[in-house]
Amino acid sequence: MPSSTYHVMPAKKGWALRRAGATDSKPFTTQREAIEDARKHLTSAPGQIVIHNADGNIRDVEFYKLPKIQPPPRISRLKARKIDRALTSILFDPRFYLTN
Amino acid sequence: MAKTYVRSKDVFINCPFDSSYQPIFNAIVFAVCELGFRARCALELDDAGDTRLDKITRIIGECKYGIHDISATELNPTIHLPRFNMPLELGLFLGCKRYGSPSQRSKSLLILDREPYRYRNFISDVSGQDIHAHGADPNRAIIEVRNWLASKGAILPGGATIQKRYARFMSMLPAMCQALALDSGELTFTDLSLVVNRWLISTR
């Protein structure tokens, strides 16, 4: 069964839930509501929920029926936040999403 | 001597580090990370205070698992000598497993070569170990790594799923590097580990 990654991200008014590869998002008033809705999508399917801070940086990740990703062995000269920002700029581009 | 703490999720990757092997190396690092393990290798440290052998033995001691690719053990056309580093590090890993503490004896390893049974011509003593051929194909290397780690009892994504995700990662890598103002050829092993880590967290 294909897996999905859901991002709980800050939006202009409140929060948005957006699946990686999707072109649209679902709005929510609070972050908690967005997280609860994301969890409903993953009751039977594998996936992960990426929870962002109000400033857009990744605060936490929840894994469902997927192995937990381990941190790298050493500190890179690149910074995780810089990579996350670079990823966000291309993350929701449907061109990169093959059907699982 | 201080006791080494064996990390149950660490995988020592013993392989060539030249550009011709890079596609297979990247695929193995990606597969190891995707499957919930941490890729380790001699490239991760640059401490001038350690000899290279000290570095390697320390990493080997910390890793419960090891992937050893002996496909580059062939004669250099210029100097007519083979590279022995990979078999040497394989020997160190086996020695650690054989003579080490109880936690070291639980180590597990996968040996990869280009062709099946080629090893019988130059390192036949490893017969009986888990030896598989990848045919110099990164996608096959992913399958072999996945099947080996799955044999440890964990329920893991299928090999075909990991191959598709790796293809997607590689298709996005140039755009990521452009956003980072980097050439993909400039990524060190620690950079690659972090990029793979953040990519898997953001889109799996």
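What comes next is a walk through the structure. Just so it is clear, the model here is predicted, and its values are computed rather than measured.

Moving on to the overall build of chain B. Counting secondary structure elements, chain B contains seven helices and five strands. Each helix and strand of chain B, placed in order from N terminus to C terminus, yields the pattern β-α-β-α-β-α-α-β-β-α-α-α. The C-alpha atoms of chain B give a radius of gyration of 17 Å, which matches the 17 Å a tight globule of 204 residues would have. Dimensions of chain B along its principal axes, counting C-alpha atoms only, are 45 × 40 × 40 Å. Out of the 204 residues belonging to chain B, those deemed buried represent 53%. For chain B, restricting intrachain contacts to residue pairs at least 6 apart in sequence, the fraction spanning at least 24 positions comes to 64%. Carbon together with sulfur atoms contributes 52% to the accessible area of chain B, which is approximately 9,200 Å² in total.

On to the sheet that holds strand E3 (residues 26–28) of chain A, then. All names here are of chain A. What the five strands build is an open sheet, ordered E3-E2-E1-E4-E5; its pairing is mixed. Edge positions in the sheet fall to E3 and strand E5 (58–64), since each of these pairs with one other strand and no more. Between one strand axis and the next, the sheet turns by 20° as a mean value, whatever way the strands run. Of the pairings in the sheet, the one linking strand E4 (residues 47–52) to E5 comprises six bridges and is antiparallel in character. Across the sheet, residue Gln48 finds its bridge partner in E5, namely Phe63. Seen against the sheet, helix H1 (residues 31–41) touches strand E1 (4–10), strand E2 (15–19), E3, E4 and E5 and runs at an angle of roughly 170° to E4.

This paragraph deals with unusual backbone geometry. Glycine aside, residues mostly have negative phi angles, and peptide bonds mostly take the trans form. All names here are of chain B. At His80, a residue that is not glycine, the phi angle is positive and equals roughly 60°. Within the fold, His80 resides in the loop between strand E3 (63–69) and helix H3 (85–99). Even without being glycine, Ala181 reaches a positive phi, approximately 60°. Secondary-structure assignment places Ala181 in the loop between helix H6 (159–179) and helix H7 (189–202). The class of Ala181 is exposed, set by a relative accessible area of 69%.

Residue and element names in this part refer to chain A. The topology assignment puts Gln31 in helix H1. Residue Gln31 is classed as buried on the basis of its relative accessible area, which comes to 17%. Reaching out from Gln31, the side chain makes a polar contact with the backbone oxygen of His52 at a distance of 2.8 Å. Excluding anything up to four places from it in sequence, Gln31 contacts Val8, Trp15, Ile51, His52 and Arg59.

Glancing now at the interface of chain A and chain B. At the junction of the two partners, chain A supplies 37 residues and chain B supplies 41 residues. The contact between chain A and chain B buries some 3,400 Å² in all, and 63% of this surface belongs to carbon and sulfur atoms. Run the count over chain A and chain B and you get three salt bridges. When the shortest N-O distance is used, the salt bridge between Arg198 of chain B and Asp84 of chain A registers 2.9 Å. Run the count over chain A and chain B and you get 15 residue pairs in polar contact (both at pLDDT 80 or more). Where the side of chain A that touches chain B is concerned, the elements lending two or more residues are E1, E4, E5 and helix H2 (80–91) of chain A. A total of nine residues in the side of chain A that touches chain B trace back to one element, the largest contributor, which is H2 of chain A. Looking at the side of chain A that touches chain B residue by residue, the class counts come to 21 nonpolar, ten polar and six charged.

Now for H7 of chain B. The first and last C-alpha atoms of H7 of chain B sit 20 Å apart over 14 residues, in line with the 20 Å expected at 1.5 Å per residue. With respect to burial, H7 of chain B is a largely interior element, 14 of its 14 residues being buried.

What follows is about the packing of aromatic side chains. Residues and elements named next belong to chain B. Here the structure, examined in full by the defined rule, presents eight aromatic pairs over all chains. The interplanar angle of 90° and the centroid separation of 5.6 Å between the aromatic rings of Phe37 and Tyr65 together place this pair among those described as edge-to-face. Of the two residues, Phe37 sits in the loop between helix H1 (22–34) and strand E2 (38–40) while Tyr65 sits in strand E3, which places them 28 residues apart along the sequence. We classify Tyr65 as buried; its relative accessible area is 8%. Centre to centre, the rings of Phe169 and Trp199 are 5.5 Å apart; their planes meet at 80°, and the pair counts as edge-to-face. One end of the pair, Phe169, is in helix H6; the other, Trp199, is in helix H7, and 30 residues separate them in sequence. Classification of Phe169 by relative accessible area gives buried; the value is 1%. Classification of Trp199 as buried rests on a relative accessible area of 0%. Grouping aromatic residues by their ring pairs yields a cluster made of Phe30, Tyr166, Phe169 and Trp199. Stacked on the ring of Phe37, the Lys or Arg Lys9 has its end atom at 4.7 Å from the ring centre. In this structure, Lys107 packs its charged tip against the face of Phe93, placed 5.3 Å from the ring centre.

Definitions and limits used
- Residues numbered from 1 in each chain as written.
- Chains lettered and ligands numbered in written order.
- Predicted model: local features only at pLDDT ≥ 70, side-chain atom pairs only at ≥ 80, totals over all residues.
- Heavy atoms only, no water.
- Helix = DSSP H or I, 4+ residues; strand = E, 2+ residues; numbered from the N terminus.
- Rg over C-alpha atoms; globule rule 2.2 N^0.38 Å.
- Buried < 20%, exposed > 50% of the residue type's maximum accessible area, 1.4 Å probe, protein only.
- Contact = heavy atoms within 4.5 Å.
- Areas by Shrake-Rupley, 256 points an atom, 1.4 Å probe, with all protein chains shown as cover.
- Pairing = 2+ DSSP bridges.
- Axes fitted to C-alpha atoms, helices over the stretch in contact; angles between N-to-C directions.
- Polar contact = N/O pair within 3.5 Å; in protein donor to acceptor, adjacent residues only side chain to side chain.
- Buried area = accessible area lost by both parts, 1.4 Å probe.
- Salt bridge = Lys/Arg side-chain N within 4 Å of Asp/Glu carboxyl O.
- Nonpolar A, V, L, I, M, F, W, Y, C, P; charged D, E, K, R; others polar.
- Expected span 1.5 Å × (residues − 1).
- Phe/Tyr/Trp six-rings, centres within 6.5 Å; stacked < 30°, edge-to-face > 60°.
- Lys NZ or Arg CZ within 6 Å of the ring centre and 35° of its normal.

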